[in-house]
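# Breakdown of the fold
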Amino acid sequence: MTQHLAAAPAAPTTGTHTGWWRDAVIYQVYPRSFADGNGDGMGDLEGIRSRLPYLRDLGVDAVWLSPFYASPQADAGYDVADYRAIDPMFGTLLDADALIREAHALDLRVIVDLVPNHSSDRHEWFQRALKEGPGSPLRERYHFRPGKGESGELPPNDWESIFGGPAWTRTADGEWYLHLFAPEQPDFNWEHPAVRDEFRSILRFWLDMGVDGFRVDVAHGLVKAEGLPDIGSHDQLKLLGNDVMPFFDQDGVHEIYRSWNQVLTEYSPSLRPGVPPRDRILVAEAWTPTVERTANYVRPDEMHQAFNFQYLGTHWDAAELRTVIDASLAAMRPVGAPTTWVLSNHDVTRHATRFANPPGLGTQLRTPGDRALGLRRARAASLLMLALPGSAYVYQGEELGLPDVTDLPDEVRQDPSFFRATGQDGYRDGCRVPIPWTETGPSYGFGAGGSWLPQPTTWGPLSVESQTGDPHSTLELYRSALTIRRTHPDLGAGESLTWLPSPDGVLAFTRHPGFTCTANTTGAPVSLPAPGRLLLASTEVTVAGGMVTLPADTTAWWAV
Ligand code: NOJ
């Protein structure tokens, strides 16, 4: 493949900073479950290509594709056997090339997933390391160690896998290897120069293919504390996200991202006048204890965006939301990076189901809750998110108001953490069910055949076909919101907002002088002075005599 000469869409200018990603709405495609081009029940690149016009019409700026690389699929593709090949179940490199070109022709940027913390156990390096045995130089590219105990029968330290169980597996020759996730996902040793060189080369491979950026998986995990020290706790999953662990958020990771930033700069479109040098982006999936530590990943010479998981974990509550919004904006300001906002992804229960349940249950639920309440809040939450300054991530199907599928039978589940009982709950399959495109037909138009996870029989009315043209549908709400976001001069651009006085449980803020957003997070209607001309609302609002009544769980946008 040669470097794309077909230019990606030109970069807009926003506030004092420039760059297309600063206010971009980025749509996450989960390739297994988006669209199935060949009717085998599994989504693929051909399917995605056929639905690119839908994404353009929805009004998003970019698409992030979860992994489509050659993989035994022990963790739905987050176990990569060959970083430069497409898994046959998704297509070929030619399909990827066509997808990138077609997306660019439609003004959509393409971000691919990069999985640098671990490979698949089927990766050529790991296979050779296993075969060559203790002392092989290939073992130094991973974390192989002798065990503890009289005959090495105990793991080298007390680390636990994020998916549950020990983070070490013993090989037939008696050595142990480290895997922070499933045993099929051995961790790379990032102290080894060959690992560093290999990933810079992989970046170049995909940049040559024309991609506009990388979402970096487990960006906080690459470097481990020297000596791999014990943690000394038997409840390590509780510490995750709150404490600095010896395998997460180590300061050494930042040097890696500085070197990747330099690779991206080599690809900067400096030949195109007026386009800033950082046209391609790195997005950190970095779970850190605080937003301040997350900001370290997006310092000017490192990455460009980091997911805001603190926002994702916030309940539908005005005071909590305001606190996290303020903290997020304040944390990013000193480093000059845009804030990001996200409500759903392929690892957590969809927000329509989270908000249908009582708060405090976490992000992996098995109960449908009050569906109508969940949908009402989800629509309000989405409109609030899309009004905030910075970049927003939309997970496929949230624009349809899809709930999580909470009653999947155990025998169809594929999430590896489900099978490791002591680990994370393992209910991620519920948000990964293929999405409905048509009201009827096999797999609701997902493909010509079935779907790899069963879809609920009630999903016809939630399909793209059923919702299109219905002014009350969630899909049309998203379409309108994204159109306004693109065309209104005061939305999108900028890095701050101004809070307005508002009743308890209500958020009200302006973005520059011309735009105001009001969100009632309470379960009762609230009346307040109408801030201007109504642009859009998540449920019907009444404006009369200069006052507006915001129904329960409702967000409204106003032109001022
Ligand atoms: C984060 C990904 O989003 C998740 O799906 C995956 O299981 C882990 N990283 C391990 O790669």
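One can find the structure itself at the top, above this paragraph.
Conventions and cut-offs
Residues numbered from 1 in each chain as written. Predicted model: local features only at pLDDT ≥ 70, side-chain atom pairs only at ≥ 80, totals over all residues. Heavy atoms only, no water. Near = heavy atom within 4 Å. Polar contact = N/O pair within 3.5 Å; in protein donor to acceptor, adjacent residues only side chain to side chain. Areas by Shrake-Rupley, 256 points an atom, 1.4 Å probe, with all protein chains shown as cover. Nonpolar A, V, L, I, M, F, W, Y, C, P; charged D, E, K, R; others polar. Helix = DSSP H or I, 4+ residues; strand = E, 2+ residues; numbered from the N terminus. Pairing = 2+ DSSP bridges. Buried < 20%, exposed > 50% of the residue type's maximum accessible area, 1.4 Å probe, protein only. Arc of directions from axis to C-beta. Contact = heavy atoms within 4.5 Å. Expected span 1.5 Å × (residues − 1). Core = buried A, V, L, I, M, F, W, Y, C linked by side-chain atoms within 4.5 Å. Axes fitted to C-alpha atoms, helices over the stretch in contact; angles between N-to-C directions. Salt bridge = Lys/Arg side-chain N within 4 Å of Asp/Glu carboxyl O.

Below, the discussion takes up the site of the ligand. Taken together, 13 residues lie near the ligand, and Asp75, Asp217, His346, Asp347 and Arg428 sit nearest. His118 places a side-chain nitrogen or oxygen 3.0 Å from an oxygen atom of the ligand. Taking Arg215, its side chain carries an N or O atom lying 3.0 Å from an oxygen atom of the ligand. If the ligand stood free it would expose 290 Å²; the protein chains cover 97% of that surface. Of the residues in the shell around the ligand, the class split is 4 nonpolar, 2 polar and 7 charged.

The next thing to look at is the side chain of Arg428. Relative to the assigned elements, Arg428 resides in the loop between β15 (391-395) and α13 (464-467). A polar contact of 3.3 Å, which involves the side chain of Arg428, links it to the side chain of Asp75.

Next up on the list: the sheet that holds strand β4 (residues 62-65). The 8 strands are arranged β13-β12-β11-β7-β4-β3-β15-β14 in an open sheet whose pairing can be described as parallel. Two strands close off the open sheet at either side, each with one partner strand: β13 (305-306) and β14 (340-342). Relative to strand β11 (residues 213-216), strand β7 (residues 109-114) is paired through 4 bridges, and the arrangement is parallel. Paired with Asp113 across the strands is Arg215, a residue of β11.

The subject of this paragraph is helix α4 (residues 124-132). Within the span of α4, buried status applies to Trp125, Phe126 and Ala129. Along α4, the residues classed as buried sweep out an arc of 95 degrees about the axis, all on the same side. In this structure, α4 carries Glu124 and Lys131 as exposed residues pointing more than 90 degrees from its buried face. On its buried side, α4 packs onto β8 (144-145), β10 (176-178) and α5 (193-208). Downstream of α4 by a residue or two, Gly133 has a phi angle that is positive, lying close to 80 degrees.

For helix α10 (residues 318-332), which comprises 15 residues, the first-to-last C-alpha distance of 21 Å matches the rise-based estimate of 21 Å (1.5 Å per residue) to within 8%. Within α10, burial applies to Ala318, Leu321, Val324, Ile325, Ser328, Leu329, Ala331 and Met332. Elements that come into contact with the buried residues of α10 comprise α8 (291-295), α9 (309-312), β14, α12 (371-387), β16 (498-499) and β17 (506-511). Of the residues flanking the start of α10, the one acting as N-cap is Asp317, its side-chain oxygen 3.1 Å from the backbone nitrogen of Ala319.

Within the largest apolar cluster, 139 residues are counted, with the highest numbers of intra-cluster contacts made by Leu55, Trp206, Phe214, Tyr257, Trp260, Tyr311 and Trp557. Ranked by residues supplied to this core, first place goes to α12 with 7 residues. In this structure, Tyr311 is in contact with Leu321, Val324, Ile325, Trp341, Val342, Leu343, Leu384, Met385 and Leu388, ignoring residues within four places of it in sequence. Residues Ala167, Trp176, Leu178 and Phe247 belong to the second largest nonpolar core, which totals 15 residues.

Turning our eyes to something else, we now look at the sheet that holds strand β18 (residues 515-520). One open sheet holds the 5 strands; their spatial order is β16-β17-β18-β23-β20, and the pairing between them is antiparallel. Sheet topology places β16 and β20 (533-537) at the edges, where each strand pairs with a single neighbour. In this structure, β20 lies alongside strand β23 (residues 554-559), joined through 4 bridges in antiparallel fashion. Looking across to β23, one finds that Ala537 is bridged to Ala556. Of the strands in this sheet, β20 and β23 touch helix α14 (residues 474-487), which is tilted by about 135 degrees from β20.

Counted by the stated rule, this structure contains 34 salt bridges. Residue Lys148 is joined to Asp230 by a salt bridge in which the shortest nitrogen-to-oxygen separation is 3.6 Å. Here Lys148, found in the loop between β8 and β9 (168-170), pairs with Asp230, found in the loop between β11 and α6 (236-239); they are 82 residues apart in sequence, far enough to count as distant. The class of Lys148 is partly exposed, set by a relative accessible area of 39%. One network of salt bridges, in which partners are shared, links Asp75, Asp347, Asp415, Arg428 and Arg432.

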